[in-house]
Amino acid sequence: MTQRLLCIGECMVELSPRGEDSCAIGYAGDTFNTAFYARQVAGPEALRVAYQSGVGDDELSARMIAFMEAQGVETRMHVVPGATVGLYMIFLKNGERSFQYWRAQSAARRLAEGLETFAALQPGDTAYFSGITLAILTEADRERLLDWLAQARARGVRTAFDPNLRPRLWPSADDMRDWTMRGAGVADVILPSFEDEATWFGDADLRATAERYLAAGADLLIVKDGPGAVLIRQRGREDVLVSPAPVREIVDTTSAGDAFNGAVLAALAEGTSLERAVALGCDVAGQVVQQRGALVQVSLARETGSA
Ligand code: ADP
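Residues numbered from 1 in each chain as written. Predicted model: local features only at pLDDT ≥ 70, side-chain atom pairs only at ≥ 80, totals over all residues. Heavy atoms only, no water.

**Student:** Teacher, can you tell me more about the environment of aspartate 219 here?
**Tutor:** If you trace the backbone, aspartate 219 turns up in the loop between helix 7 (206-215) and strand 11 (220-223). Note: C-alpha distance between aspartate 219 and cysteine 23 (196 residues apart in sequence) is 44 Å. When sequence neighbours within four positions are dropped, the list of residues in contact with aspartate 219 reads Arg153, Asp188, Leu214, Arg233, Gln234 and Arg235. (Helix = DSSP H or I, 4+ residues; strand = E, 2+ residues; numbered from the N terminus. Contact = heavy atoms within 4.5 Å.)

Shown next, in the form of structure tokens:
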């Protein structure tokens, strides 16, 4: 039976500069980026990829949904009448990118009201969420989402979490740390980025990050480290390190971690071995950092199946 990967979170409209006074419209957001790359990596017969969020009933929301579906990502949207989707604009100054966000009122903040749409997940399917998914919700809705994930996990759904630490989205760093660990507490697979974890949790090395999250109850830790080796820690197994191939020129690292996650989760859902799935994640992320923009086309040179 075709498996499902359901990514849960916020996708935004992206305005990126084209010349002095115009912008191109795109769509991006950490969990959607992951869905986009999972869709590119997995065969359509092997995996259905869906995105769960909140949208408005306006033209912009309709265009975002049409974009997602055109990418082959199914949409499971809670529609909030009168609301709209979040938006961000990229500014380029002397080659440096900065971002301004308009997302405080976005419909995605109400995504937990659509939880019943998750009911279609079966044992063996994957549900993916991130620290950003948690950050945008009210406390009550965070509880609701974590309860739903815990119940799904108990039914045999694989739950996957990227802590994606973004202190600006949280009232305080303590709040962020507290909810991050609660998110980790309902996850089977955790995919953190070491640099952020070291900054906000004071982890001395990748093993310290893995141990802290294993203690929260996860079975599998995949700790990314930019150009450094990825650490795979599976409960009861020896650690494995997988090194990303060196990259000729870094053009734009936006969404590298999201792309990595999408490729790994898609490959695992297809039954690829853990090490090969992580190597594929590195390959896809390595292509992403060499191109501009969050969502780019990648080429796949790989065999599937377990090693
Ligand atoms: P995030 O974007 O979440 O901070 P990382 O920076 O840890 O994630 O990068 C995720 C993955 O992207 C890495 O595991 C690696 O495969 C790839 N990557 C990132 N930066 C580089 C780089 N400089 N050279 C090669 N690969 C990279």
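**Student:** Honestly, the nonpolar core in this entry has me stumped. Any pointers?
**Tutor:** Counting residues in hydrophobic clusters, the biggest one holds 50 residues, and the most contacted among them are Tyr51, Ile222 and Phe260. Among the elements that make up this core, the one with the highest residue count is helix 8 (residues 256-269) (9 residues). Ignoring sequence-local partners within four residues, the contact set of isoleucine 222 consists of Val189, Ile190, Leu191, Pro192, Val230, Leu231, Phe260, Val264, Leu274 and Val278. Counting residues in each nonpolar core, the second largest holds 41 residues, with Leu6, Leu146, Ala210 and Tyr213 among its members. (Core = buried A, V, L, I, M, F, W, Y, C linked by side-chain atoms within 4.5 Å. Buried < 20%, exposed > 50% of the residue type's maximum accessible area, 1.4 Å probe, protein only.)

**Student:** Would you explain the sheet that holds strand 9 (residues 158-162) in this entry?
**Tutor:** Each strand in a sheet pairs with another by means of backbone hydrogen bonds, the pair being arranged parallel or else antiparallel. Strand order in the open sheet made by the 9 strands is 5-4-1-8-9-10-11-12-13, with mixed pairing throughout. If you trace the sheet from one side to the other, it starts and ends with strand 5 (74-79) and strand 13 (240-242), each paired once. Bridge count between strand 10 (residues 189-190) and strand 11: 2 bridges; the pairing is parallel. Bridge pairing in strand 11 places isoleucine 190 opposite leucine 221. Of the strands in this sheet, strand 4 (47-55) and strand 5 are in contact with helix 2 (residues 59-70), which crosses strand 5 at around 160°. The strands touched by helix 7 are strand 10, strand 11 and strand 12 (230-234); relative to strand 12, the strand with the most contacts, the crossing angle is about 35°. (Pairing = 2+ DSSP bridges. Axes fitted to C-alpha atoms, helices over the stretch in contact; angles between N-to-C directions.)

**Student:** Help me out: how do you make sense of unusual backbone geometry in this one?
**Tutor:** A negative phi angle characterises most non-glycine residues, just as the trans form characterises most peptide bonds. In this structure, asparagine 164 takes a positive phi of about 35° despite not being glycine. In this fold, asparagine 164 is placed in the loop between strand 9 and helix 5 (173-184).

**Student:** Before we go on, may I ask you to explain the pattern of salt bridges in this structure?
**Tutor:** Opposite charge on two side chains makes pairing possible when the charged atoms of those side chains draw close. Taken as a whole and judged by the stated rule, the model has 18 salt bridges. We note a salt bridge from arginine 4 to aspartate 125, for which the minimum N-O separation is 3.9 Å. Placement of arginine 4 in strand 1 (residues 3-8) and of aspartate 125 in the loop between strand 7 (96-102) and strand 8 (126-130) is noted, with a sequence separation of 121 residues between them. Among the residues examined, aspartate 125 registers a relative accessible area of 2% and is labelled buried. One salt-bridge network, in which partners are shared between bridges, spans Arg207, Glu211, Arg233 and Asp239. (Salt bridge = Lys/Arg side-chain N within 4 Å of Asp/Glu carboxyl O.)

**Student:** Mind showing me how you'd approach the environment of threonine 159 here?
**Tutor:** Here threonine 159 is to be found in strand 9. Taking the C-alpha atoms as reference points, threonine 159 and leucine 5, separated by 154 residues in sequence, lie 9.8 Å from one another. Ignoring any residue separated from it by four or fewer positions in sequence, one finds threonine 159 in contact with Ala127, Leu149, Arg153, Val186, Ala187, Asp188 and Val189.

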